[in-house]
Amino acid sequence: MSESTAALHAALQDAPLGRESGYPTHYDPGLLCPLPRSAARAALGLDAGLPFTGADLWTAYEVSWLNARGKPQVAIAQFTIPAETPNLIESKSFKLYLNGFNHERLASVEELRARLRADLAEALWRGSGQAPGSLGVRLWMPHEWRGDLQASLPGLSLDRLDVECTHEQPAPDLLRADHGQPPVQEVLCTDLFKSHCPVTGQPDWASVQIAYSGAPIEQEGLLRYLVSLRHHAGFHEQCVERIFVDLWQRCRPVRLSVLARFTRRGGLDINPWRSSHPQPLPSVGRLVRQ
């Protein structure tokens, strides 16, 4: 077992995922459980460096705290976590941590934002020997919530294709690009993606958007490849990085970005995004209280 894999296994032993957990009755930043990204990336051959940049976009729909007089306050929060952080945050621990604010008196929204930013930065860089870097924390108060329904990810839907899907494990050999054809720019998407939590085995559902420029990617093979991950066990962030690396190596696009918008659990969703080139963060389009 490699050092990075051993570190991940050790961290999972302390994670609340897959265990019965009590409802937090007080604010406790120690509830955050960081997991090293290194083990999954080493399995993809990314020890020497990353071929992408990007971020994990988390949306928390059930953020609440008390003002100085004990009156409940509510907000929707979005967290932008750079893909370069040495750790990711285990999602159940994130939910428990946020729930710890429900009985916490804070002087202002600014105090809440500062605590969130400091606590998450400490966990994301924990054990790396590096000083904590920056991350984004944005809070929307009730008067800023929109009432529109969630829009589909833009792009040409792969789900229109009538394909036979027989692979039940990741099959990157299904990915092909025709380098004899003129280069194209395309945005392709699917709502059929499913993977499994590597700890609990529970299914995780997502819409996936792939934007690229370069030789045309064979769309039927791409859809069959994405469906082949239906039984794959991996955290959301790891699944997106696997898709990116497989496409980057097999199809050799000039530019590539992969966005996955996972359905939310317990009031929290994760939307990982990886890109071969700098560009504005994508919109996940879900600022709505349901």
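Shown above is the structure to which this text applies.
Residues numbered from 1 in each chain as written. Predicted model: local features only at pLDDT ≥ 70, side-chain atom pairs only at ≥ 80, totals over all residues. Heavy atoms only, no water.

Attention now goes to the pattern of salt bridges. Applying the stated criterion across every chain yields a total of eight salt bridges. The shortest N-O distance in the salt bridge between R115 and E104 comes to 2.9 Å. On the criterion of sequence distance, the pair formed by R115 in helix α4 (residues 109–124) and E104 in the loop between α3 (91–99) and α4 is long-range, its members being eleven residues apart. In this structure, D246 engages R242 in a salt bridge whose closest nitrogen and oxygen atoms are separated by 3.9 Å. With a gap of four residues between them, D246 and R242 both fall in helix α6 (residues 236–251), about one helical turn apart. (Salt bridge = Lys/Arg side-chain N within 4 Å of Asp/Glu carboxyl O. Helix = DSSP H or I, 4+ residues; strand = E, 2+ residues; numbered from the N terminus.)

Another aspect to go through is the sheet that holds strand β2 (residues 53–66). Pairing within the open sheet is mixed, and its eight strands lie in the order β5-β3-β2-β10-β9-β8-β7-β6. The open sheet has two free edges, formed respectively by β5 (136–140) and β6 (156–157), since each of these has just one partner strand. Where strand β8 (residues 203–214) meets strand β9 (residues 255–262), eight bridges bridge the pair, whose relative direction is antiparallel. Of the residues in β9, the one forming a bridge with A211 is S257. Against the sheet, α4 touches β2, β3 (72–82) and β5, its axis set at about 150° to β5. (Pairing = 2+ DSSP bridges. Contact = heavy atoms within 4.5 Å. Axes fitted to C-alpha atoms, helices over the stretch in contact; angles between N-to-C directions.)

Before going further, it helps to spend a moment on the packing of α3 against α4. The description of two packed helices rests on the angle between their axes and on the distance between the axes. Running from N to C, α3 and α4 point in directions that differ by 150°, and their axes come no closer than 12 Å. Classified by the angle their axes make, α3 and α4 are roughly antiparallel. In the packing of α3 onto α4, the handedness of the crossing is right-handed. Facing α3, whose interface residues are F94, Y97 and L98, α4 presents R115, L116, D119 and L120. (Parallel < 35°, antiparallel > 145°, perpendicular 65-115°, else oblique. Left-handed = near helix turned anticlockwise from the far one by under 90°.)

The phi torsion of most residues other than glycine is negative, and most of the peptide bonds are trans. Positive phi, close to 50°, is recorded for R252, a residue that is not glycine. Structurally, the position occupied by R252 is in the loop between α6 and β9.

The subject of this paragraph is the environment of Q238. Along the chain, Q238 turns up in helix α6. When the C-alpha atoms of Q238 and L88 are compared, they prove to be 10.0 Å apart, with 150 residues separating the residues in sequence.

All we've got here are geometric facts, nothing functional implied.
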